[in-house]
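Residue-level structure breakdown
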Amino acid sequence: MQKYNIHTVQKDETLRSIASLYGFEKDVIKLFHNNHCDVKDMILIELNGQKQLFLPRTAVEDKGRLVKFGRGNSLVFQPENEIRRYGVVITIEKGEAKNELKFETSVRWLKTEKGRHFFEIDRTSNLYLNEEEVNEIADLLAYRTSKVLYPLQVSTDDKGKFEAVENPEVFIQRWAGIKEELYKEFEGEIVEEYCKKIERVIGEPESIDLYLRNDYFIRTLFFGIYQSFGRNYSIEETKSFPVIHNHIEPQYRIRLEIDPLKDEYDLINIEGEGKLSDERTVHDFINNLPFSLIVKDQPDMNEEGEMRIQSYLNGKNGLLEYMYLECSMMLNEIKKISVAIAILPE
């Protein structure tokens, strides 16, 4: 992400006139330029032949391009009264094997209460596996039984990070009708197997919550990117993602950066990248251990994995227009999950 702007010095321009053009003090412009230029191009007192000046990223004539931040250069999550439709592509890779899921979904804001936001998520299309509508009985049953969860109500914190499922009590009520339809259409042991599987999930609130925490779409959409980015428009933090199903998710140390200027499409750009940073070894993850079996005061961190994020938010309301998240880790072979979410036209 670009760290500065460049001003081409015009005839008769002075350090003061350039600073005034962008709404900065001249000493701020001089200090920033001197911290980024070669020694031979440094400004001593006034301009002395410089052809270009390095300027802060926020030094622009059109102030409408500046991202509107809260305190501490924070992005404020304000989803009130919004209904959005998204197209979703989830790619799951393990070694040479690769599968791609596609579907469409709607996300409707319900209410904001005590700093928490509540949403309703619903499926608005069939599920496509590797460009074909699912028709294998196992895939079809997995899809049809999971429909008991929708419409789904979830909550997030004030940073837009997924917190909990809010309507678990309705799943049991829905299940009777869905199960009856399944038995009319399918028969045999495989139907029993999938019905028992979903009944185990919806029978306990904790199981439902764990099931949804492994939902790649929900975890990406509600990743929690509405942070305070500080004076340098960047933040380092530890994030988890269910690239494998483990009670304690793999931890990644990532750096998120936001461009303080909206792009030519009036979008707010956020980029992030980092590495796995977990005490557990590859062997621990393969054996589904929630903690490392090796105890050290200063453990060697497993960095055999990466996380990458690219987000584009609407420049007016700050809501998600497009997001791509890629997360990988080494097991017996590399496993990688990538999720792309794009807003659909009205």
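Right above here is the structure, for reference.
Cut-offs used in this document
- Residues numbered from 1 in each chain as written.
- Predicted model: local features only at pLDDT ≥ 70, side-chain atom pairs only at ≥ 80, totals over all residues.
- Heavy atoms only, no water.
- Phe/Tyr/Trp six-rings, centres within 6.5 Å; stacked < 30°, edge-to-face > 60°.
- Helix = DSSP H or I, 4+ residues; strand = E, 2+ residues; numbered from the N terminus.
- Lys NZ or Arg CZ within 6 Å of the ring centre and 35° of its normal.
- Axes fitted to C-alpha atoms, helices over the stretch in contact; angles between N-to-C directions.
- Parallel < 35°, antiparallel > 145°, perpendicular 65-115°, else oblique.
- Contact = heavy atoms within 4.5 Å.
- Nonpolar A, V, L, I, M, F, W, Y, C, P; charged D, E, K, R; others polar.
- Salt bridge = Lys/Arg side-chain N within 4 Å of Asp/Glu carboxyl O.
- Buried < 20%, exposed > 50% of the residue type's maximum accessible area, 1.4 Å probe, protein only.
- Left-handed = near helix turned anticlockwise from the far one by under 90°.

Following the criterion strictly, the structure yields 8 aromatic pairs and no others. Residues Tyr4 and Phe54 carry aromatic rings whose centres are separated by 4.9 Å and whose planes lie at 90° to one another, so their mutual orientation is edge-to-face. Of this pair, Tyr4 sits in strand S1 (residues 4-8) while Phe54 sits in strand S2 (residues 52-56); the two residues are 50 residues apart in sequence, bridging distant segments of the chain. Cluster of aromatic residues (ring-pair linked, three or more members): Phe77, Phe119, Phe222 and Tyr226. Of note, Lys111 hangs over the ring of Phe118, and the distance from its end group to the ring centre comes to 4.9 Å. The positively charged end of Lys239 is found above the aromatic ring belonging to Phe223, 4.7 Å away from the centroid.

Before going further, it helps to spend a moment on the packing of helix H1 (residues 15-22) against helix H2 (residues 26-36). Two numbers describe how H1 lies on H2: the axes approach to 8 Å, and their chain directions differ by 100°. If you check the angle between H1 and H2, you find them roughly perpendicular. Only Lys26, Ile29 and Lys30 of H2 make contact with H1, whose side of the interface consists of Leu15, Arg16 and Ala19. Here the contact of H1 with H2 is built from residues that sort into 3 nonpolar, no polar and 3 charged.

For the coordinates displayed, the defined rule picks out 28 salt bridges. One salt bridge in this structure joins Asp41 and Lys40, with 3.3 Å as the shortest N-O distance. Ionic pairing is found between Lys336 and Glu93, a salt bridge with its closest N-O pair at 3.8 Å. Here Lys336 is found in strand S15 (residues 334-343), whereas its partner Glu93 is found in strand S3 (residues 83-94), with 243 residues between them in sequence. The exposure class assigned to Lys336 is partly exposed, which follows from its relative accessible area of 24%. Overlapping salt bridges bring together Glu82, Arg84 and Glu321 as one network.

In this section: the packing of helix H3 (residues 137-146) against helix H5 (residues 189-202). Two elements in contact, H3 and H5, have axes whose closest approach is 10 Å; the angle formed by their N-to-C orientations is 35°. In this structure, H3 crosses over H5, and the sense of that crossing is right-handed. Across from Ile137, Ala138, Leu141, Ala142, Thr145 and Ser146 in H3, the residues of H5 making contact are Ile190, Val191, Tyr194 and Ile198. Considering only residue class, the contact of H3 with H5 consists of 8 nonpolar, 2 polar and no charged.

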